[in-house]
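Listed below, chain by chain, are the residues.
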Amino acid sequence: MDWLALNEAEWTAIRLSLLVSTVAVAASLPLGILVALLLARGRFWGKSLLNGIVHLPLILPPVVTGFLLLILFGRKGPVGAFLEAHLGIVFSFRWTGAALACAVMGFPLLVRSIRLSIDAVDRKLEDAAGTLGANPTWVFVTVTLPLILPGIIAGMILSFAKAMGEFGATITFVSNIPGETQTISSAIYTFTQVPGGDLGAMRLTIVAIGISMAALLASEFMAHAIGKRVHFE
Amino acid sequence: MTLVVEVRHRLGAFRLDAHFTSEGGVTALFGRSGSGKTSLIGTIAGLIRPEEGRIALDGDVLVDTARGIFVPKHRRRFGYVFQEARLFPHLTVRSNLAYGRWFAPRGTRADNFSHVVDLLGIGALLDRRPANLSGGERQRVAIGRALLSAPRMLLMDEPLAALDEERKAEILPYLERLRDDTKVPIVYVSHAVHEVARLADRVVVLNDGRVEAIGAVADVLSGSLLSAAVDRREAGSVLTGVVTAFDAPHRLATVQLKGCELHVPNADIGTGKSVRVHIAARDVMLAVVRPEGLSALNILEGKIESIAADGEGMITVRVDCAGDAIHARITELSGSRLHLHAGKPVYAIVKTVALDPR
């Protein structure tokens, strides 16, 4: 069973994948909740436009999304140059860039899931909280947020899974640098390009299956546990 | 306490144009569905922003469209009990009850948690979740939640409408205790005559978005102020009296009104208790001679005070029985056969009496 043992390079790819996906989900969550709220509750000009932009990464070929990120967030890109000059954040050819690509690709899934759960919230409960003296912020924190928690978790799991499997946008934006931007997916791709890499690819494939299954089970478990509390009538 | 409400508001084709004042106690907003009761109470609570109008409680202006004032609902401190309980499903009963307390301003925060819990009989439910409560229990918790937010006033929008008769009977006594124990003024929306007769001090009758009549509960429910046929059919007399005796073997209570006595079955509420009596006008027959061999227990002697015809073949006869006005709703035909006219002595035969402890 020696062939199952992971070597150092493969461990690096796994660790990097987990780091990139976790950071991508965590960093995009607050914005995801905000955008979902805007789309579900907001009435403003350009709402369909915002909806379209949010969903674009779902429809566009990932390579196109990656290329757009390269143009915008690359060192010479307008946003990338600004961020580097003022905040010292560099995306191009760094793991942070991989996280950005994963966050963008997973964003529509995150927003969709949260938005659906916001639509399902009974607004009469929010009115009731208001008459009891809670201002809109407190109503959101004490009533809306707990009620949409299952949707938030489902969205996080979906976007995490998307991030784990993200390949096209990442490789276009930040390339495939071992130790910096080489995630499980790009590592498997690399293995399949070299003679005798099949075993490595198989090992990483098993790991990918394991992580995906664990994420799925965790989401089922949490959805069940919270759903039991939140479900009513 | 004085609540002044004056609103004009349009909802699609429906126009609400209502004006009334309330001086504390229980004010009922009474009318059929679609008469604008819920919209009106919604503007008082701040759930609806009226197009035009003024709402003030004791000089504290909550809405004044002319001056651009609109106090949002969370700053009004009006407890609202909805038709459906609207409990927070993710919180236990205890946390639901405590919810309003978190937001009540310091100093007004009520320290009467256990008192309210006892009053509503929900002590055994505190650690349960709303999903595991019956409809009646939920509504009691909702009432408690509104009370514990230290409200300046309670607004109740048909709190019993979603419940079956048994649950209604379960909650009504709690509402009466609420009215008598806590001194919180209540605005109570209902389309049920017997609820209004039991609970209200004053009644505002709404019809098609307008106030049709305002008055003391006994005056309004006697029917002359009600224009809608459905409401008139439900009209009746609301009288107050004291229980003077209880005949245990026959389970009959004797209620002394101003001048006459009523016998009410199955009303073991203790002698000396003051009670409110509701007699539906359709449950009263009239006779010009003292009837003999009749099963009815309550035959009251009186004199016709006035007769009002409704134009649908029915008349409402107001009979003065030694100081108490009893209304009888009979057909116009019987009226002319018996040659009824004001001043004529008659006997009112009361078939059923609804009795509520006060």
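Just so you know, these numbers come straight off a predicted model, no measurement behind them. All residue numbers refer to positions counted from 1 along the written sequence of the respective chain. By the order in which they are written, chains take letters starting at A while ligands take numbers starting at 1. Owing to the predicted nature of the model, reporting of local features is limited to residues with pLDDT of at least 70; listing and counting of side-chain atom pairs is limited to 80 or more, with chain, interface and lining totals taken over all residues. Hydrogens and water are ignored here; the side-chain numbers use all heavy atoms of the structure.

Caption draft 1: Spotlight on the overall build of chain A. Helix and strand counts for chain A stand at 10 helices and 0 strands. Secondary structure elements in chain A, listed N-terminal to C-terminal, are α-α-α-α-α-α-α-α-α-α. Taking the principal axes of its C-alpha atoms as reference, chain A extends roughly 70 × 45 × 30 Å. When burial is assessed residue by residue, chain A has 42% of its 233 residues classed as buried. Working rule for contacts: check all heavy atoms of both residues, and any pair within 4.5 Å makes them a contact. Summarising the internal contacts of chain A: among those between residues at least 6 apart in sequence, 70% fall at separations of at least 24. Of the side-chain charges in chain A, 15 are positive and 13 negative, and the distance between the mean point of each set is 8 Å. Counting from the N terminus, the helices are the DSSP runs of H or I reaching at least four residues and the strands are the DSSP runs of E reaching at least two. Each residue is placed in one exposure class: buried if its accessible area under a 1.4 Å probe, protein chains only, is under 20% of its type's maximum, exposed if it is over 50%, and partly exposed if it falls in between. Positive charges are assigned to Lys and Arg, negative charges to Asp and Glu, while His and the chain termini are left out of the count. For charged residues, the charge sits on one atom: NZ in Lys, CZ in Arg, CG in Asp, CD in Glu.

Caption draft 2: Seen up close, the side chain of Glu176 of chain B. Residues and elements named next belong to chain B. Inspection of the secondary structure puts Glu176 in helix H5 (residues 165-181). Since its relative accessible area comes to 5%, Glu176 is described here as buried. Under the rule applied, a polar contact is a pair of N or O atoms within 3.5 Å (in protein, one hydrogen donor and one hydrogen acceptor; residues adjacent in sequence only if both atoms are side-chain atoms). Engagement of the side chain of Glu176 in a polar contact is seen with the side chain of Arg198, the distance being 2.8 Å.

Caption draft 3: Examining the domain arrangement of chain B more closely. Residue and element names in this part refer to chain B. Annotation comment: domain bounds sourced from an automatic or database domain assignment. Domains assigned within chain B are domain 1 (2-237) and domain 2 (238-354). Computed from C-alpha coordinates alone, the two centres of domain 1 and domain 2 are separated by 32 Å. Taking both sides of the interface into account, the surface hidden between domain 1 and domain 2 amounts to around 1300 Å²; carbon and sulfur atoms contribute 46%. Salt bridges are counted wherever a side-chain nitrogen of Lys or Arg sits within 4 Å of a carboxyl oxygen of Asp or Glu. Viewed at the interface, domain 2 and domain 1 are joined by 1 salt bridge. Put simply, buried area is how much 1.4 Å-probe accessible surface two parts lose in total, over both of them, once they are put together.

Caption draft 4: Geometry of unusual backbone geometry. Located in the positive-phi region is Ser175 of chain A, a residue other than glycine, with phi close to 65°. Along the polypeptide, Ser175 of chain A turns up in the loop between helix H8 (168-174) and helix H9 (184-193). What makes Ser175 of chain A partly exposed here is its relative accessible area of 28%. In the Ramachandran plot, Asp208 of chain B falls in the positive-phi region, its phi being about 55° despite a non-glycine side chain. Checked against the element boundaries, Asp208 of chain B lands in the loop between strand S10 (202-207) and strand S11 (210-216).

Caption draft 5: Spatial organisation of the UniProt feature "transmembrane region" (unreviewed entry) in chain A. All names here are of chain A. UniProt positions are given in the numbering used here, feature names are shortened, and annotations may be inferred rather than shown by experiment. UniProt feature "transmembrane region" (unreviewed entry): in the numbering of this structure it lies at residues 12-40, 52-73, 93-111, 132-158 and 200-219. Here residues 12-40 runs as 100% helix and 0% strand, with 40 Å between its end C-alpha atoms. Taken end to end, residues 200-219 comprises 100% helix and 0% strand; its first and last C-alpha atoms sit 29 Å apart.

Caption draft 6: Fine view of the environment of Ala348 of chain B. Residues and elements named next belong to chain B. For Ala348, the location among the structural elements is in strand S20 (residues 345-350). For Ala348 and Cys321, which are 27 residues apart along the polypeptide, the C-alpha to C-alpha distance reads 8.5 Å. Among all residues touching Ala348, those that are not within four sequence positions of it are Val284, Met285, Leu286, Asn298, Ile299 and Leu300.

Caption draft 7: Examining the interface of chain A and chain B more closely. Contacts between the two partners involve 23 residues from chain A, matched on the other side by 22 residues from chain B. For the pair chain A and chain B, the two sides together bury roughly 2100 Å², of which 68% comes from carbon and sulfur. Run the count over chain A and chain B and you get 2 salt bridges. At the boundary of chain A with chain B, the tally comes to 3 residue pairs in polar contact (both at pLDDT 80 or more). At the level of secondary structure, the elements contributing two or more residues to the side of chain A that touches chain B comprise helix H6 (123-131), helix H7 (136-165) and helix H10 (198-230) of chain A.

Caption draft 8: Structural context of the environment of Cys102 of chain A. All names here are of chain A. Inspection of the secondary structure assignment puts Cys102 in helix H5 (residues 95-120). As for Cys102 and Val25, which are separated by 77 residues in sequence, their C-alpha atoms are 8.3 Å apart. Apart from the residues within four sequence positions on either side, Cys102 is in contact with Val20, Ala24, Ala163, Glu166 and Thr170.

Caption draft 9: Inspection of the packing of H6 of chain A against H7 of chain A at higher detail. All names here are of chain A. Note on geometry: axes are lines fitted to C-alpha atoms, helical ones only across the stretch in contact, with angles between N-to-C directions running from 0 to 180 degrees. One can describe the packing of H6 onto H7 by two numbers: an axis separation of 10 Å at closest approach and a directional angle of 155°. Classified by the angle between their axes, H6 and H7 sit roughly antiparallel to one another. Note that H6 runs across H7; the crossing there is right-handed. Two secondary-structure elements touch here, H6 through Leu125, Glu126, Ala129 and Gly130 and H7 through Val139, Val143, Thr144 and Leu147. Residues were grouped as follows: Ala, Val, Leu, Ile, Met, Phe, Trp, Tyr, Cys and Pro as nonpolar; Asp, Glu, Lys and Arg as charged; and all remaining residues, including Gly, as polar. Along the lines of polarity and charge, the residues of the contact of H6 with H7 split into 5 nonpolar, 2 polar and 1 charged. Angle categories are assigned with fixed cut-offs, so that under 35 degrees is roughly parallel, over 145 is roughly antiparallel, 65 to 115 is roughly perpendicular, and the rest are oblique. Two helices crossing with the near one rotated counterclockwise from the far one by less than a right angle form a left-handed crossing, whereas a clockwise rotation gives a right-handed crossing.

Caption draft 10: Summary view of the confidence of the model for chain B. Confidence of the predictor at the level of single residues is given by pLDDT, which spans 0 to 100. With 94% of its residues at a pLDDT of 70 or more, chain B has an overall mean of 86. The complex prediction reports pTM at 0.78, with the ipTM value standing at 0.79.

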